[in-house]
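Residue-level structural notes
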Amino acid sequence: ACSFLGIVFSRKWNAPGWMDEINSTIGQGYAVEIIYDTDELATRVAFAHDYGSTSTLFIGILSHARLRLDKIKIAKLCSKYPPAALCIDESQYAIKTAKAATSKAAHFIADATPGVTRIVCSGNMAPESPCEYWSQFRFCYGKGNYFGNS
């Protein structure tokens, strides 16, 4: 098994901050490879898995647009090689309404990855309405299980 830590879906201009955070948190003693392209991430993770490489930790940093455009590729990758976590940064903008294409893509991926930890990051989870919580909970907990098992 390879070390596929996860994917962060973020605004493009936040990617350098995520890269710095990842390197400062994990960096010492590990080879961390941060990948910004869906196809390259899938290729590298599959190769590492198939050839038993566990010396590198793989993390994808993909834009919200890639989440929407590559949802099937991402769901297949995460179903075949489950990552430790999926994270949507700036979730109040990316997945705030249930009918938006990016929200639907996030929900699709959540349904395809039932055992994967899913996280939303937001400075202001519901800037316009409490109804905006629904889509974020839907991503975190999956279909029909919006408040977990507690």
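It should be noted that the structure appears before, not after, this text.
Okay, so let's go over this structure. (Residues numbered from 1 in each chain as written. Predicted model: local features only at pLDDT ≥ 70, side-chain atom pairs only at ≥ 80, totals over all residues. Heavy atoms only, no water.)

Thoughts on helix H2 (residues 38–50)
A rise of 1.5 Å per residue sets the reference length of H2, with its 13 residues, at 18 Å; its end C-alpha atoms lie 18 Å apart and thus fit the reference within 8%. For H2, the set of buried residues is Thr38, Leu41, Val45, Ala46 and Ala48. The buried residues of H2 occupy one face: seen down the axis, they fall within an arc of 165 degrees. Residues of H2 that are exposed and angled more than 90 degrees away from the buried face: Thr43, Phe47 and Asp50. Those residues of H2 hidden inside the fold are in contact with strand E1 (3–10), strand E2 (31–35), strand E3 (56–63), helix H3 (64–69) and helix H4 (71–80). If you check the start of H2, you find a side-chain oxygen 3.2 Å away from the backbone N of Asp39, and it comes from Asp37. (Helix = DSSP H or I, 4+ residues; strand = E, 2+ residues; numbered from the N terminus. Expected span 1.5 Å × (residues − 1). Buried < 20%, exposed > 50% of the residue type's maximum accessible area, 1.4 Å probe, protein only. Arc of directions from axis to C-beta. Contact = heavy atoms within 4.5 Å. Polar contact = N/O pair within 3.5 Å; in protein donor to acceptor, adjacent residues only side chain to side chain.)

Remarks on the packing of H4 against helix H6 (residues 101–112)
Axis separation between H4 and H6 bottoms out at 9 Å; the angle between their running directions is 20 degrees. Between H4 and H6, the angle falls in the class roughly parallel. In the crossing of H4 with H6, the sense of the turn from one axis to the other is right-handed. Residues Lys71, Ile72, Ile74, Ala75 and Ser79 of H4 pack against Ala105, Phe108, Ile109 and Ala112 of H6. Its residues placed into classes, the contact of H4 with H6 shows seven nonpolar, one polar and one charged. (Axes fitted to C-alpha atoms, helices over the stretch in contact; angles between N-to-C directions. Parallel < 35°, antiparallel > 145°, perpendicular 65-115°, else oblique. Left-handed = near helix turned anticlockwise from the far one by under 90°. Nonpolar A, V, L, I, M, F, W, Y, C, P; charged D, E, K, R; others polar.)

Structural notes on the packing of H2 against H4
Close contact between H2 and H4 brings their axes to 10 Å; oriented N to C, the two are set at 15 degrees. With respect to H4, the axis of H2 lies roughly parallel. Considering the relative orientation of H2 and H4, their crossing is left-handed. Residues Thr38, Asp39, Leu41, Ala42 and Val45 of H2 lie in contact with H4, whose contacting residues are Lys73, Ile74 and Leu77. Taken together, the residues that form the contact of H2 with H4 break down as five nonpolar, one polar and two charged.

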